[in-house]
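# Overview (structure and organization)
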Amino acid sequence: HETTYMMLTHILENNFTGKSVLDMGSGTGVLAILVAMKGAAPVEAIDIDNWCYLNAKENVERNGFPNIKVLEGDASLLKGKKFDVIIANINRNILVADIPTYAKCLNAGGSLFLSGFYLEDLDIITSKCGEYSLKFEKNLEKNNWVAAKYVF
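Residues numbered from 1 in each chain as written. Predicted model: local features only at pLDDT ≥ 70, side-chain atom pairs only at ≥ 80, totals over all residues. Heavy atoms only, no water.

This paragraph deals with the pairing of strand 7 (residues 145-151). By the criterion of burial, strand 7 is predominantly enclosed, with six of the seven residues buried. Here strand 5 (residues 106-118) runs beside strand 7; their pairing, made up of seven bridges, is antiparallel. From the neighbouring strand, Ser115 faces strand 7, where its bridge partner is Ala147. Note: strand 6 (residues 135-142) against strand 7, seven bridges, orientation antiparallel. Across the sheet, Lys138 pairs through a bridge with Lys149, a residue of strand 7. In textbook terms, the turn of a hairpin is the stretch between consecutive antiparallel strands, and for strand 6 and strand 7 this stretch comprises two residues, one of which, Asn143, has a positive phi near 55 degrees. (Buried < 20%, exposed > 50% of the residue type's maximum accessible area, 1.4 Å probe, protein only. Helix = DSSP H or I, 4+ residues; strand = E, 2+ residues; numbered from the N terminus. Pairing = 2+ DSSP bridges.)

Pasting the structure below:
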């Protein structure tokens, strides 16, 4: 999918060595696996869907990353946790609802990568991020889908 492609592109363009990373709405776990391949640690992957949770667990094990912590649930699992980077490829409404939580979970100087929304939603996402001191840095676009990077 376009959003996964753009998130993979963002990951390939950024340094993750030694950074703690959350892959929220992880699906198959492919983004969590790639950041781990790029040296991120620790890495957590969370998805609300049971099939995705089970599939991500299997994929991280098959790819040799059993240290990626895979959890089933939503943003309520993030209470008290901190990350250097948060990746969330979900949908606009969930992203808007969860941006306050992501901002609380980001370490100073952290990065937030968001996708799963259309170009016409970029202003809404950017405005919501701005309310929590997350500054727009750049976005990628493919077939009207967007993946944006914000910094804290």
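Each packed pair of helices is defined by two parameters, the angle between the axes and the distance between the axes. Look at helix 1 (residues 2-13) against helix 2 (residues 30-37): their axes get within 10 Å of each other, and the N-to-C directions meet at 15 degrees. In this view, helix 1 runs roughly parallel relative to helix 2, as classed from their interaxial angle. As helix 1 runs across helix 2, the sense of the crossing is right-handed. In contact with Thr4, Met7, Leu8, Ile11 and Leu12 of helix 1, helix 2 contributes Val30, Leu31, Leu34 and Val35. (Axes fitted to C-alpha atoms, helices over the stretch in contact; angles between N-to-C directions. Parallel < 35°, antiparallel > 145°, perpendicular 65-115°, else oblique. Left-handed = near helix turned anticlockwise from the far one by under 90°. Contact = heavy atoms within 4.5 Å.)

Here we come to the pairing of strand 4 (residues 83-89). Regular strands place their side chains on alternate faces of the sheet. With six of seven residues buried, strand 4 lies mostly within the body of the structure. As paired elements, strand 1 (residues 21-24) and strand 4 share four bridges and run parallel to each other. Across the sheet, the residue bridging to Leu22 is Ile86, located in strand 4. When strand 4 meets strand 5, the two strands line up parallel, connected through six bridges. What sits directly across from Asn89, in strand 5, is Ser115. Remark: the strand 4/helix 4 (residues 92-105)/strand 5 crossover connection has right-handed handedness. (Right-handed = clockwise from strand over helix to strand, strands pointing away.)

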